[in-house]
Amino acid sequence: MKIPVKYYGLIAEAVNKNDDLISFSGTSVEDLLEVLFKKYPVLKTKDFQVAQHNHLLAKNETLDETELALLPPFAGG
Amino acid sequence: MSRYLRHIILDNIGESGQKKLSEAKVVVIGAGGLGCPVLQYLTAAGVGTIGIVDFDTVEESNLQRQILYGNSSIGINKAEAAKKRLCDLNHTITIIAYPEKLTTLNATTIFRQYDIIVDATDNLETRYLINDACVLTNKPMVYAGVYKFEGQVAVFNYQEGATYRCAFPETKNTTPNCEDIGVLGVLPGIIGTLQANEVLKIILEIGAVLRSKILFYNSLTNRFSIISLKRNEEAVKKAQCFKIKPVQPQQEVKQLSVEEALKIKDAFFVDVRNYGALPKVKLPNCITIPLAIIEKKIHEIPEEKEIIFFCQAGISSKKAVLTYQKLRKKTCYSMKAGIYEIKEHLEG
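Here's a quick rundown of the structure. (Residues numbered from 1 in each chain as written. Chains lettered and ligands numbered in written order. Predicted model: local features only at pLDDT ≥ 70, side-chain atom pairs only at ≥ 80, totals over all residues. Heavy atoms only, no water.)

Considering the overall build of chain B
Reasoning step 1: Counting its regular elements, chain B contains 14 helices and 13 strands.
Reasoning step 2: Oriented by its inertia axes, the alpha-carbon framework of chain B measures out at about 70 × 50 × 40 Å.
Reasoning step 3: By the burial criterion, 52% of the 348 residues in chain B qualify as buried.
Reasoning step 4: In chain B, the proportion of contacts linking residues at least 24 apart, taken out of those at least 6 apart, comes to 67%.
Reasoning step 5: Summed over its atoms, the accessible surface of chain B is roughly 16,800 Å², and 51% of this surface lies on carbon and sulfur atoms.
Reasoning step 6: Averaged over its 44 positive side-chain charges, chain B has a centre that lies 3 Å from the centre of its 37 negative ones. (Helix = DSSP H or I, 4+ residues; strand = E, 2+ residues; numbered from the N terminus. Buried < 20%, exposed > 50% of the residue type's maximum accessible area, 1.4 Å probe, protein only. Contact = heavy atoms within 4.5 Å. Areas by Shrake-Rupley, 256 points an atom, 1.4 Å probe, with all protein chains shown as cover. Lys, Arg positive; Asp, Glu negative; His and termini not counted. Charge placed at Lys NZ, Arg CZ, Asp CG, Glu CD.)

Here's the deal with a nonpolar patch on the surface
Residue and element names in this part refer to chain B.
Reasoning step 1: A surface patch of nonpolar side chains, about 350 Å² in accessible area, is lined by F149, L184, V186 and L220.
Reasoning step 2: With respect to the helices and strands, L184 occurs in the loop between α8 (178-181) and α9 (186-204).
Reasoning step 3: With a relative accessible area of 34%, L184 lands in the partly exposed category. (Patch = residues over 30% accessible without salt bridge, like charges linked within 9 Å, V, L, I, M, F, W, Y side chains within 5 Å. Salt bridge = Lys/Arg side-chain N within 4 Å of Asp/Glu carboxyl O.)

Looking at a negative patch on the surface
Reasoning step 1: Side chains of B:D266, B:E303, B:E304 and B:E306 sit close together on the surface and give a patch of like negative charge.
Reasoning step 2: Assignment of secondary structure puts B:E306 in strand β12 (residues 306-310).

Observations concerning unusual backbone geometry
All names here are of chain B.
Reasoning step 1: Following L278, the chain continues to P279 via a peptide bond in cis, the omega torsion being -5°.
Reasoning step 2: A positive phi is found at N222, a non-glycine position, where the angle reads about 60°.
Reasoning step 3: Within the secondary structure, N222 is located in the loop between β7 (213-218) and β8 (223-228).
Reasoning step 4: Look at N222 and you get exposed, because its relative accessible area is 56%.

Everything listed here is a matter of coordinates, which is why it stays silent on function.
In C-alpha cells:
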C-alpha cells in the first residue's frame with residue numbers, strides 16, 4: 001500500500017519535510033508506524049496521532065490509500 | 001444596557017443570551033499569549049464571573065504577544081495585572097485573580113466554582129492536570145495550543161465527548177513551549193480568539209461547538225482543518241489516576257536588571273551562550289561557560305564572588321542558576337533581559 005502523508009508542527013521539523021509517500025505491506029496504523037519508525041527513528045521519541053478522512057485513528061484501525069496526517073499536540077500558549 | 005447593544009440586537013443572542021452570559025462563570029488557566037485574548041473578549045462580552053489563574057510575572061519578552069500588559073505591568077503577577085486591565089474594560093462583572101500555580105491540590109476546588117474551564121497554559125503537564133480535574137468535576141475544557149506558526153483548538157469533556165487524553169493519550173514530554181522556541185506574536189491572538197468564541201457558543205448554546213473535534217490552523221498557509229476523534233473510555237479513566245500528591249515548591253531564581261547587577265560588589269559574570277556567540281560582551285570579571293557544560297566547568301567559577309549568569313534572552317541563564325545552586329548550594333543570579341540589555345548599556 002502507498003499512502004501520501006502530511007506532517008504537522010514539530011513532526012514536520014523532526015523528519016524535515018511536510019509531505020511524504022510511504023509504502024508498506026499491511027493495512028493497519030500499527031503496520032504503518034513500524035515502517036515510519038524504521039525510516040525516521042526520531043519519531044519514536046515524539047508524541048503524535050494518525051488521522052485519515054479527518055478522523056483520529058486507533059493503532060489497530062485499518063488504513064486506505066487516502067492522504068493521512070501525523071498530528072502532534074501543541075504545548076505552547 | 002448600551003454596553004451590550006450589538007449583542008442584544010442579534011437574533012441568536014438577544015436579552016436572554018446576554019443574561020446567560022452575565023450568569024456564566026469561566027476560569028482561564030494561564031494569562032499569557034492565549035489567555036490574554038480569551039480574557040479580553042470574555043470580559044468585553046459580559047461573562048459575569050471570570051477567574052484568572054497564573055503564578056508567573058510579566059516580563060518584557062511577553063509584550064510581543066500578551067496584549068493585556070504594558071511596560072508598567074513588568075514584574076507584576078499576571079493574574080493581578082490582567083485583572084487590573086480587565087476591570088477597566090468592564091467594571092460590571094466580577095473578576096477573581098488566583099496568583100498561584102495550578103496544582104493537584106487546588107485544581108478541583110477552583111474548577112467546582114466555575115461552569116467552563118479554559119486551558120490557556122503553555123505546557124503539557126498542566127494540560128493533563130486540567131483534563132483530569134475537568135473529568136473529575138465534570139466540566140468542559142476549552143483547549144488551545146500553539147507551535148511557532150500553527151495552532152489547535154478543541155472542546156474536551158463536553159456533553160460526553162472526547163477528552164484531552166483521548167486525543168493525546170501519552171506524553172514523552174518533548175514538546176517545547178513558546179519561551180523556548182518562539183511563536184509568531186499574532187498567532188496566539190488568532191487561536192485565543194477562536195477559543196473565546198467556543199466559550200461564548202457553549203454559554204449561549206448556539207452553533208456547532210468543537211466537541212470531539214480538533215481544529216488545526218496554519219498561519220503561513222491559511223489552512224484550517226478539522227479532525228474528529230472518538231471518546232475512548234480507557235483514556236478517560238486515566239483521569240482517575242489524578243491523585244493528591246505533595247507539590248514540590250518551585251525553586252526560586254533571583255533575577256536582576258543590568259543596573260542592579262552592576263551595583264553588586266564582587267560581581268562575577270558568566271555568559272552561558274555557546275563559545276563565540278554574538279554579540280560579544282565586554283564586562284569586567286566575565287567568562288563564557290555554555291549552559292550544557294556548566295557542571296563540568298564549575299571549578300572555573302570563583303566561589304567567593306557573587307555569580308550572575310546571562311544569556312541571549314534570560315531563559316538559559318535561569319536554568320544555569322538552578323544547576324549552580326544545586327551543585328554549590330549557594331544563591332546566585334540571572335540577568336533578566338539577557339544580552340540585549342547588557343549590549344545597550346555596555347557596548348554603545
